[in-house]
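Geometric and topological summary
The primary structure of each chain is shown beneath.
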Amino acid sequence: DTGVSQNPRHKITKRGQNVTFRCDPISEHNRLYWYRQTLGQGPEFLTYFQNEAQLEKSRLLSDRFSAERPKGSFSTLEIQRTEQGDSAMYLCASSRNPKNTEAFFGQGTRLTVV
Amino acid sequence: AQTVTQSQPEMSVQEAETVTLSCTYDTSESDYYLFWYKQPPSRQMILVIRQEAYKQQNATENRFSVNFQKAAKSFSLKISDSQLGDAAMYFCAYCLDNDMRFGAGTRLTVKP
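A brief report on the enclosed structure follows. None of these values were measured; they are calculated from a predicted model.

Looking now at unusual backbone geometry. With an omega of -10°, the peptide bond between Asn7 of chain A and Pro8 of chain A qualifies as cis. In this fold, Pro8 of chain A is placed in the loop between strand E1 (5–7) and strand E2 (10–13). Here the phi dihedral of Ala16 of chain B falls at roughly 80°; this positive angle occurs in a residue that is not glycine. Its location among the elements puts Ala16 of chain B in the loop between strand E2 (10–14) and strand E3 (19–21). Residue class for Ala16 of chain B comes out partly exposed when judged on its relative accessible area of 46%.

All names here are of chain A. The sheet built from four strands is open, its strands ordered E1-E3-E8-E7 with antiparallel pairing. Each having just a single partner strand, E1 and strand E7 (65–68) make up the two edges of the open sheet. The average undirected angle you get between the axes of adjacent strands in this sheet is 15°. Note that E7 and strand E8 (residues 75–79) share four bridges and pair antiparallel. Within the sheet, the bridge partner assigned to Ser66 lies in E8 and is Glu78.

This brings us to the side chain of Arg31 of chain A. When you line up the elements, Arg31 of chain A lands in strand E4 (residues 31–37). Polar contacts involving the side chain of Arg31 of chain A include one to the main-chain carbonyl oxygen of Arg96 of chain A, which spans 3.3 Å.

Definitions and cut-offs
Residues numbered from 1 in each chain as written. Chains lettered and ligands numbered in written order. Predicted model: local features only at pLDDT ≥ 70, side-chain atom pairs only at ≥ 80, totals over all residues. Heavy atoms only, no water. Helix = DSSP H or I, 4+ residues; strand = E, 2+ residues; numbered from the N terminus. Buried < 20%, exposed > 50% of the residue type's maximum accessible area, 1.4 Å probe, protein only. Pairing = 2+ DSSP bridges. Axes fitted to C-alpha atoms, helices over the stretch in contact; angles between N-to-C directions. Polar contact = N/O pair within 3.5 Å; in protein donor to acceptor, adjacent residues only side chain to side chain.

Now the structure itself:
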């Protein structure tokens, strides 16, 4: 499978715990995006990487959220001190040059904070 | 900030009929891209069709076509000969410099 892979698919955690999600983009894609999607809504942009550089962060990404892409390949999204409002589907997408080409999405990680 | 508006939370179409999903967006830019994505119940987003803003010709992909009205900032999706497999959430997206913003989506139901 050469698509975008996200792990885990589901995560249930207690409020206050830290969680980390992983995204493996399509191998030749140098751009990687994280989105959050709540039920009945479209994906909301969180952050974007060009190779290993994090180029933009949304205001939605509070200081409890951190994303990394250390070698320009896979990326991790960590949420510290989770809150019930963090419950959502977290989507990862990747794309390649030139700019504005289509993004390919993974199946997402569904987070439930109890 | 760019916003994308999909005014139809839900739409329904009879199998084999045609349906049009609406999308409007707000931007002051002239060179951008527009996309329609489909999200079936399995929730993996799939690209349906894309449109470059500098192209006047409307994009077409088999049964899917768009009506791109740049001055009106409108980007509707027409699905012809609807099939049961077309049932999904459809999201309109605006993209500028790799910043992609989505509308709230339209849930399409296809009746047999």
